[in-house]
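Descriptive analysis of the structure
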Amino acid sequence: MKKNPTFLLLLLTILFSSCYTSAISYNNLNRIERGMFPKDVIAILGEPIYRSFDDKGEILEFRSSEYPPARVVRIRFVDNKVVEMELSLIHISEPTRLR
């Protein structure tokens, strides 16, 4: 039987892409503690996808994937320290609104 190199390459690509694990895991989220600095959180979860701030503090948002379904973690910092962490799940693609 002759092996098709294109088929083997495709098979390996699918295999390795399915092995991707997100930094947003139960174990990593358990490592986040109140009072941690942003650099410590980034070292655990990777670079945030969004950053925002208001008069109360700063929020960093991390996602397990750019596409739904995706786990989303929002971490609020006040005085450069973690004060709150929120986990949610995005099931469907939300339309983007331009303002």
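Treat the numbers as computed from the prediction; the structure is a model and nothing was measured.

A word on the environment of V73
- With respect to the helices and strands, the residue V73 is situated in strand β3 (residues 70–78).
- Linking V73 and I59, residues 14 residues apart in sequence, is a C-alpha distance of 9.9 Å.
- Each residue touching V73, except ones within four places of it in the same chain, is listed here: I24, L29, L60, E61, F62, M85, E86 and L87.

Quick look at helix α3 (residues 38–45)
- The set of residues buried in α3 consists of P38, V41, I44 and L45. Angular distribution of buried residues about the axis of α3 spans 125 degrees; they occupy a single face of the element. More than 90 degrees from the buried face of α3, the exposed residues found are K39 and A43.
- Elements in contact with the buried residues of α3: α2 (26–31), β2 (57–63), β3 and β4 (81–90).
- Two residues or fewer after α3 comes G46, characterised by a positive phi angle close to 90 degrees.

Let's talk about the sheet that holds β2
- Spatially, 4 strands are ordered β1-β2-β3-β4 in an open sheet, and the strand pairing comes out antiparallel. Each having just a single partner strand, β1 (50–54) and β4 make up the two edges of the open sheet. This sheet shows a mean twist of 20 degrees between the axes of neighbouring strands, independent of strand direction.
- The pairing of β2 with β3 spans 6 bridges and is antiparallel. Its bridge partner lying in β3, R63 is registered against V72.
- Most of the contacts of α3 go to β2, to which it runs at about 5 degrees, and overall it touches β2, β3 and β4.

Quick notes on the pattern of salt bridges
- Using the criterion set out here, one finds 7 salt bridges in the structure.
- Across the pair E58 and R51 runs a salt bridge, and its minimum N-O distance is 2.4 Å.
- Relative accessible area serves as the criterion here: at 56%, R51 is assigned to the exposed category.
- Taking the shortest distance from any N to any O, the salt bridge between R63 and E61 comes out at 3.0 Å.
- We classify R63 as partly exposed; its relative accessible area is 28%.

Rules used throughout
- Residues numbered from 1 in each chain as written.
- Predicted model: local features only at pLDDT ≥ 70, side-chain atom pairs only at ≥ 80, totals over all residues.
- Heavy atoms only, no water.
- Helix = DSSP H or I, 4+ residues; strand = E, 2+ residues; numbered from the N terminus.
- Contact = heavy atoms within 4.5 Å.
- Buried < 20%, exposed > 50% of the residue type's maximum accessible area, 1.4 Å probe, protein only.
- Arc of directions from axis to C-beta.
- Pairing = 2+ DSSP bridges.
- Axes fitted to C-alpha atoms, helices over the stretch in contact; angles between N-to-C directions.
- Salt bridge = Lys/Arg side-chain N within 4 Å of Asp/Glu carboxyl O.

Just geometry here; none of it tells us what the structure is for.
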